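Residues per chain, in single letters:
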Amino acid sequence: MQRWRGLEDIPQDWGRSVVTIGSYDGVHRGHQLIIKHAVDRARELGVPAVVVTFDPHPSEVVRPGSHPPLLAPHHRRAELMAELGVDAALVLPFTTEFSKLSPADFVVKVLVDKLHAKAVVEGPNFRFGHKAAGNVEFLAEQGKTYDFEVDVVDLYVTGEAGGGEPFSSTLTRRLVAEGDVAGAREILGRPHRVEGVVVRGAQRGRELGFPTANVETLPHTAIPADGVYAGFLHAQGEAMPAAISVGTNPQFDGTERTVEAYAIDRVGLDLYGLHVAVDFLAYVRGQAKFESLEALLEQMAVDVQRCREIVAAEG
């Protein structure tokens, strides 16, 4: 899959394409419906499928300080889109100047002049352009002028997550923040993932017999509620069953929230400086402070066994 950063990265000889536009944070099951439709439409028309997204999140530019926690960084979104068959991903730098583009100018500058859209695929509530003034009806009118079709896809999926609320990035962020990683997994269609570089921490886990990878997470990452989770630690191309701790280490009067993953039954791992990913499968228990170090160690042994069982049940 081709990846472009800005309109100037698009090849000058780029032909017609099918385009879908959105933040697509998380590439959840609702997003997947739209993207798959765009890919299918592109195959029908014999042209590439392109996803257009933005960096930073538009809300950060329109309302500084309101950047939402991110469910997936752009490189992860691109991987997920490629798995769905997308041919190219265009990340547009979302600046104050860009935010002032009228819907009509956005259509011409992005869809017509650069991507030569043959069809555009969106959800029913899609908004774009200055002050989100453009909608799918306006887009369809523009399509008549500039020779592209507009397909509107119902992206609403519901399940048990969130008590039956329609799946959305907002709902997923809320569930992650509450520690409901099982609910987030239902919406995403895969476990919620946190990425970052392994840094040196206090190394207490090593001293206690449970050496952990202390993950310095990427900016604006959606991090689950404090507690212990079962999941996987992905490093050097390997997915290792893991017991994951999120929190401030109250046993040692910590103040900084950390994400630490213990690779179960692995000895001698040296992951310092490596970029790793942590997948959250299930919530095990909340963060707690114990009466003694011995009580903490006993609980950690119980936690690791529970995590071992949960991951093993994944088959």
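Heads up: the structure comes first, above all this text.
Here we summarise the structure given alongside this text. For clarity, every value in this text was computed on a predicted model and none was experimentally measured.

## Some points on the overall build of the protein
A tally of helices and strands in the protein yields 10 helices and 12 strands. Each of the three principal axes of the protein carries a C-alpha extent, and together these read 75 × 35 × 35 Å. Here the protein holds 315 residues, and 49% of them are scored as buried. A total accessible area of about 14800 Å² is found for the protein, and carbon and sulfur atoms account for 50% of it. Distance between charge centroids for the protein: 3 Å, based on 31 positive and 43 negative side chains.

## A closer look at the sheet that holds strand E3 (residues 49–55)
The sheet built from six strands is open, its strands ordered E1-E4-E3-E2-E5-E6 with parallel pairing. The open sheet has two edge strands with one neighbour each: strand E1 (2–5) and strand E6 (149–152). Ignoring strand direction, the axes of neighbouring strands in this sheet form an average angle of 25°. Packed on one face of the sheet, helix H5 (residues 103–112) meets strand E2 (17–21), E3, strand E4 (88–93) and strand E5 (117–122) and runs near 130° to E2.

## Here's the deal with empty space enclosed by the protein
In total, this model carries one cavity of 30 Å³ or more according to the counting rule given. When its volume is computed, the largest cavity comes out at roughly 60 Å³. Forming the boundary of the largest cavity are Leu71, Ala72, Pro73, Arg76, Leu188, Arg190, Pro191, His192, Arg193 and Glu195. Ranked by the residues each element gives to the lining of the largest cavity, the list is headed by strand E7 (residues 192–199), at three residues. Here the residues of the lining of the largest cavity are counted per class, giving five nonpolar, one polar and four charged.

## Regarding the packing of aromatic side chains
Following the criterion strictly, the structure yields 11 aromatic pairs and no others. Arranged with centres 5.6 Å apart and planes meeting at 70°, the rings of Phe94 and Phe98 form a pair that is edge-to-face. For Phe94, a relative accessible area of 12% translates into the label buried. Residue Phe98 is classed as buried on the basis of its relative accessible area, which comes to 15%. For the pair Phe210 and Tyr262, a centre-to-centre distance of 5.3 Å together with 85° between the ring planes defines the contact as edge-to-face.

## Some remarks on the environment of Asn135
Following the sequence through the fold, Asn135 ends up in the loop between E5 and helix H6 (136–146). Here the alpha-carbon distance between Asn135 and Glu216, two residues 81 residues apart in the chain, equals 39 Å. If we skip the residues at most four places from it in the chain, Asn135 touches Phe126, Arg127 and Phe128. A polar contact is formed between the side chain of Asn135 and the backbone nitrogen of Glu137, at a distance of 3.2 Å.

## A word on helix H3 (residues 74–83)
Since one α-helical turn is 3.6 residues long, residues separated by three or four positions face the same way. Those residues of H3 that fall on the buried side of the exposure criterion are Arg76, Arg77, Ala78, Leu80 and Met81. The first or second residue beyond H3 is Gly85, which carries a positive phi of 100°.

## Comments concerning helix H8 (residues 181–188)
Looking at H8, one finds that the buried residues are Val181, Gly183, Ala184, Ile187 and Leu188. One face of H8 carries all of its buried residues, which in axial projection span an arc of 155°. Directly after H8, the chain includes Gly189, whose backbone phi takes a positive value near 80°.

## Here we look at unusual backbone geometry
Cis rather than trans, the peptide bond between Asp55 and Pro56 has omega equal to 0°. Mapped onto the fold, Pro56 is located in the loop between E3 and helix H2 (58–62). Positive phi values are uncommon outside glycine, yet Lys131 reaches one of about 55°. The residue Lys131 is located in the loop between E5 and H6 in this model. Although it is not a glycine, Ala132 adopts a positive phi angle of roughly 55°.

Rules and cut-offs
- Residues numbered from 1 in each chain as written.
- Predicted model: local features only at pLDDT ≥ 70, side-chain atom pairs only at ≥ 80, totals over all residues.
- Heavy atoms only, no water.
- Helix = DSSP H or I, 4+ residues; strand = E, 2+ residues; numbered from the N terminus.
- Buried < 20%, exposed > 50% of the residue type's maximum accessible area, 1.4 Å probe, protein only.
- Areas by Shrake-Rupley, 256 points an atom, 1.4 Å probe, with all protein chains shown as cover.
- Lys, Arg positive; Asp, Glu negative; His and termini not counted.
- Charge placed at Lys NZ, Arg CZ, Asp CG, Glu CD.
- Pairing = 2+ DSSP bridges.
- Axes fitted to C-alpha atoms, helices over the stretch in contact; angles between N-to-C directions.
- Contact = heavy atoms within 4.5 Å.
- 1 Å grid on protein atoms, 1.4 Å probe; cavity = no way out; pocket = protein on both sides within 12 Å on 5 of 7 lines; lining within 4 Å.
- Points joined across faces, edges and corners; volume = space filled by probe spheres on them.
- Nonpolar A, V, L, I, M, F, W, Y, C, P; charged D, E, K, R; others polar.
- Phe/Tyr/Trp six-rings, centres within 6.5 Å; stacked < 30°, edge-to-face > 60°.
- Polar contact = N/O pair within 3.5 Å; in protein donor to acceptor, adjacent residues only side chain to side chain.
- Arc of directions from axis to C-beta.

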